Amino acid sequence: MKTEMISVTSYCRKYDIERTFIESLAEGGLIEVVFFENERFLPFSVLPQLEKYIRWHYELDINSEGIETIQYLLYKIDLLKREVAGLQNRLKLYED
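Just so it is clear, the structure is predicted and the values come from calculations on it, not from any experiment.

Engineer: Help me understand the environment of Glu51 in this model?
Structural biologist: Mapping Glu51 onto the fold places it in helix 3 (residues 47-60). Expressed as a C-alpha distance, the spacing of Glu51 and Tyr11, which sit 40 residues apart in the sequence, is 11 Å.

Here it is in structure tokens:
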């Protein structure tokens, strides 16, 4: 399967984003960056997530560490929602 990608340099230039911001997201494990022929590329699959992080950073002035924390908390909330849904389903068995 062929993965479509855009170079980090092109993306930063097109959207007026600091390259260091993308590098800090990649270092934090929030986005995937692919190295190919001495150039960094962003798979198209990470672009929606990256756009969200860009909005958080540039519109809300949240640094990359804050973004990591927010993303972790959102992940934990999702896990807890799933757990609650599972427990509610189990509880329904005893209600009837």
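Engineer: Would you take a moment to explain the pattern of salt bridges for this structure?
Structural biologist: Side-chain pairs of opposite charge can arise whenever the charged atoms involved come near each other. All chains considered together, the criterion is met by three salt bridges. Its salt-bridge partner being Glu23, residue Arg19 comes within 3.3 Å of it at the nearest N-O pair. Of this pair, Arg19 and Glu23 both sit in helix 2 (residues 19-27), four residues apart, which is roughly one turn of the helix. Accessibility expressed as a relative area gives 32% for Arg19, which makes it partly exposed. A salt bridge links Asp78 to Arg82; its shortest N-O distance comes to 3.1 Å. Note that Asp78 and Arg82 are positioned in helix 4 (residues 64-95) at a spacing of four residues, about one turn of the helix. For Asp78, a relative accessible area of 32% translates into the label partly exposed. Connected via shared salt-bridge partners are Arg19, Glu23 and Arg40.

Engineer: Which parts of the structure should I look at to understand the sheet that holds strand 3 (residues 39-43)?
Structural biologist: Strand pairs in the sheet, formed through backbone hydrogen bonds, run parallel or antiparallel to each other. Pairing is antiparallel across the open sheet formed by three strands, whose spatial order is 1-3-2. Unpaired on one side and paired on the other, strand 1 (5-7) and strand 2 (34-36) mark the two borders of the sheet. Across this sheet, the average inter-strand angle for adjacent strands is 40°, counted without regard to direction. Helix-sheet contacts for helix 1 (residues 8-15) involve strand 1 and strand 3, and the interaxial angle to strand 1 is about 75°.

Engineer: Just checking my understanding: could you explain helix 3 for this structure?
Structural biologist: Counting along an α-helix, one turn takes 3.6 residues, and residues three or four places apart therefore face a common direction. End to end, helix 3 covers 19 Å across 14 residues, agreeing with the expected 20 Å (1.5 Å per residue, within 8%). Among the residues of helix 3, those classed as buried are Leu47, Leu50, Tyr53, Ile54, Trp56 and His57. Here the buried face of helix 3 lies against strand 1, helix 1, helix 2, strand 3 and helix 4. Phi for Asp61, located one or two positions after helix 3, is positive at around 60°.

Parameters at a glance
- Residues numbered from 1 in each chain as written.
- Predicted model: local features only at pLDDT ≥ 70, side-chain atom pairs only at ≥ 80, totals over all residues.
- Heavy atoms only, no water.
- Helix = DSSP H or I, 4+ residues; strand = E, 2+ residues; numbered from the N terminus.
- Salt bridge = Lys/Arg side-chain N within 4 Å of Asp/Glu carboxyl O.
- Buried < 20%, exposed > 50% of the residue type's maximum accessible area, 1.4 Å probe, protein only.
- Pairing = 2+ DSSP bridges.
- Axes fitted to C-alpha atoms, helices over the stretch in contact; angles between N-to-C directions.
- Contact = heavy atoms within 4.5 Å.
- Expected span 1.5 Å × (residues − 1).

Distances and angles like these do not, on their own, reveal function.
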